[in-house]
Amino acid sequence: MDAIITVRTGSTRLPSKCFLDLHEGLNSLDMIIGRLLFSNNRFDNIIIATTDLKEDDKIEEYINKIKAKKEIITTRLASYEDLSMLSVYRGSVLNKFVRWSGALKQFNIEKAVFIDADDPIFDPDLVAFEYAMLSSHDYVTPDLTNAYLGSHGFAFNSNVVHECAELTRNKD
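Scoring rules and cut-offs
- Residues numbered from 1 in each chain as written.
- Predicted model: local features only at pLDDT ≥ 70, side-chain atom pairs only at ≥ 80, totals over all residues.
- Heavy atoms only, no water.
- Helix = DSSP H or I, 4+ residues; strand = E, 2+ residues; numbered from the N terminus.
- Phe/Tyr/Trp six-rings, centres within 6.5 Å; stacked < 30°, edge-to-face > 60°.
- Buried < 20%, exposed > 50% of the residue type's maximum accessible area, 1.4 Å probe, protein only.
- Lys NZ or Arg CZ within 6 Å of the ring centre and 35° of its normal.
- Polar contact = N/O pair within 3.5 Å; in protein donor to acceptor, adjacent residues only side chain to side chain.
- Contact = heavy atoms within 4.5 Å.

Draft legend 1. View of unusual backbone geometry. Here Asn108, not a glycine, exhibits a phi torsion of approximately 55°, which is positive. Here Asn108 is to be found in the loop between helix H3 (96–106) and strand E6 (111–116).

Draft legend 2. Looking closely at the packing of aromatic side chains. Under the defined criterion, the tally for this structure stands at eight aromatic pairs. For the pair Phe19 and Tyr62, a centre-to-centre distance of 5.4 Å together with 75° between the ring planes defines the contact as edge-to-face. With Phe19 in the loop between strand E1 (2–6) and helix H1 (28–37) and Tyr62 in helix H2 (residues 57–69), this pair connects stretches of sequence that are 43 residues apart. Phe19 gets classed as partly exposed once you look at its relative accessible area, which sits at 26%. For the ring pair Phe114 and Phe156, a centre distance of 5.4 Å and an interplane angle of 75° mean the geometry is edge-to-face. Here Phe114 is found in strand E6, whereas its partner Phe156 is found in strand E8 (residues 154–157), with 42 residues between them in sequence. For the pair shown, Phe114 and Phe156 are each scored as buried. Here a set of aromatic residues connected by ring pairs shows up, and it is made of Phe97, Trp100, Phe114, Tyr139, Phe154 and Phe156. A cation sits over an aromatic face here: Lys111 above Tyr131, 4.9 Å from the ring centre.

Draft legend 3. Region of the structure containing the side chain of Thr9. Relative to the elements of secondary structure, Thr9 occurs in the loop between E1 and H1. A distance of 3.3 Å separates the side chain of Thr9 from the backbone oxygen of Glu55, its partner in a polar contact. The residues touching Thr9, leaving out its near neighbours within four places in the chain, are Pro15, Ser16, Cys18, Phe19, Glu55, Asp56, Lys58 and Ile59.

Here it is, written out as structure tokens:
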């Protein structure tokens, strides 16, 4: 299974919110990466998809620091021996589809779940279910009348992401 976490520091309402202390020293990146790694699911790739703006260098630096220490901060400090599945992709500032498409191409991914860094309490089992549904669908998201906001990601086959990126490329 492959996951792409969408994050940037350039929010106008709350800049660098991905690094804010949400609970006992944990930021949203810590929580999301930790929830993916310590779920019952195996991830071949966890790609942090950020922009190519200078201000987002600190996201890449943060991920590299996690990989170098081989520690993920969750509700407890936990070591994880192999963090080779954790990578960073830098791309489009305004167009998520272009950024996602570039990440899918660079890492040769055919389908993935996409989680926004704004959703640190997502349910990893729900995104695994979404991913499994891609065998018969091109795009999967839960019925939001039965799911709480921020509990899920979106799952796409890469052909849909690439097509959306092409259709919206000039909007960047």
